[in-house]
Amino acid sequence: MGNLYSEYLSPSKVPEHYNYTKETPVTETPSRQVASALIILLCCAIVVENLLVLIAVARNSKFHSAMYLFLGNLAASDLLAGVAFIANTLLSGPFTLRLTPVQWFAREGSAFITLSASVFSLLAIAIERQVAIAKVKLYGSDKSCRMLLLIAASWLISMVLGGLPILGWNCLGRLEACSTVLPLYAKPYVLCVVTIFSVILSAIVALYVRIYCVVRSSQADVAGQQTLALLKTVTIVLGVFIVCWLPAFSILLLDYACPVRACPVLYKAHYFFAFATLNSLLNPVIYTWRSRDLRREVLRPLQCWRRAAGVQGRGDRTPGHRLLPLRSSSSLERGTHMPTSPTLLEGNTMV
């Protein structure tokens, strides 16, 4: 075991594994440079979007319910995923062969941790919906401590799951057991992670099917219109996650089944993972599209910037000109009164 960990700082290990599993060396082609630049721009947008969601949830006390905490946690995992993908992209290509194994594990492990956190956040949301339906009410603010503990536990599990390779579950010294897509990861580890995620996502789908059946069969108004609106939102989030990540999961399963250098499509796996990053970009759009209150709060910093820009422009105008006031945030919905209910995404706050 000591000999294994002594290889973590060896600069020759990463090139050795890539030369064994890859048909061609890692090079920086013009097309790859363009793709990397686009991914970095995409990740910057992911960071900004999810940061706006987190600021909106943090600054408004009516968003401090269990459901908002879970969506905020999902936004935090998406934000960190954007940061991890930026670091991954900048350290890819020819830079990969300059990394030591411990640096490579940190690069890939950060992406696995944020992915795990997203999956566990979706599971926590599904469980919260199930409990809320069973009790025919949402969690109150007195449950926030339990929610925070659940969120902390999900991140702890995610860090353990993403940190298993650096703790020893890797293929250093066993080239024949190495993944083609992730050449320092052992194939059984990759299969284990994909299997865990697939089982969790299947359980989430089963929970939502059960919730829909309960809501459809219920005659209570409180469990009907409002709950269906919320379920539609979280189901869209889940569906987008599955659509974006299914190609990446499929390529990892193919990686486990294929002998080394037997499946050329595995050399293009970075395109599948780039497509998966769209999930982190689309999630904030779904939140703000489905909730008027959250959309108003998320757009508030942009309105402040616009107002500041207008005031600055006012200084360049003649004194006789008067700056027209901005529309109120409630005018985001034409002819519709903005709701004040603190309940997230309920029927009276849905578009």
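Parameters at a glance
Residues numbered from 1 in each chain as written. Predicted model: local features only at pLDDT ≥ 70, side-chain atom pairs only at ≥ 80, totals over all residues. Heavy atoms only, no water. UniProt positions renumbered as here; feature names shortened; annotations may be inferred. 1 Å grid on protein atoms, 1.4 Å probe; cavity = no way out; pocket = protein on both sides within 12 Å on 5 of 7 lines; lining within 4 Å. Points joined across faces, edges and corners; volume = space filled by probe spheres on them. Helix = DSSP H or I, 4+ residues; strand = E, 2+ residues; numbered from the N terminus. Nonpolar A, V, L, I, M, F, W, Y, C, P; charged D, E, K, R; others polar. Buried < 20%, exposed > 50% of the residue type's maximum accessible area, 1.4 Å probe, protein only. Polar contact = N/O pair within 3.5 Å; in protein donor to acceptor, adjacent residues only side chain to side chain. Contact = heavy atoms within 4.5 Å.

- The name an unreviewed UniProt entry gives the chain is Sphingosine-1-phosphate receptor 2, with Catagonus wagneri as the organism.
- According to its UniProt record, the chain has this under Subcellular location (unreviewed entry): "Cell membrane".

Points about empty space enclosed by the protein
Then, number 1: Inspection of the entire model under this criterion finds 1 cavity of 30 Å³ or more.
Then, number 2: Empty space within the largest cavity amounts to approximately 60 Å³.
Then, number 3: Forming the walls of the largest cavity are Asp-78, Ala-81, Phe-85, Ala-111, Thr-114, Leu-115, Ser-118, Phe-241, Trp-245, Asn-279 and Ser-280.
Then, number 4: Elements with a minimum of two residues in the lining of the largest cavity: helix 4 (66-90), helix 5 (101-135), helix 8 (225-257) and helix 10 (278-290).
Then, number 5: With 4 residues, helix 5 is the single largest residue contributor to the lining of the largest cavity.
Then, number 6: When its residues are assigned to classes, the lining of the largest cavity shows 6 nonpolar, 4 polar and 1 charged.

Some points on the UniProt feature "transmembrane region" (unreviewed entry) in the chain
Then, number 1: Under the UniProt annotation, the feature "transmembrane region" (unreviewed entry) is placed at residues 34-57, 69-91, 111-127, 148-168, 188-209, 229-249 and 269-289.
Then, number 2: Secondary structure within residues 148-168 divides into 95% helix and 0% strand; the distance between the first and last C-alpha atoms comes to 30 Å.

Brief notes about the side chain of Asp-78
Then, number 1: Take Asp-78: it is sitting in helix 4.
Then, number 2: Accessibility expressed as a relative area gives 0% for Asp-78, which makes it buried.
Then, number 3: At 2.9 Å, the side chain of Asp-78 and the side chain of Asn-283 are in polar contact.
Then, number 4: Sequence-distant contacts of Asp-78, that is, excluding residues within four places in its chain, are made with Ile-46, Asn-50, Ser-118, Asn-279, Ser-280, Asn-283 and Tyr-287.

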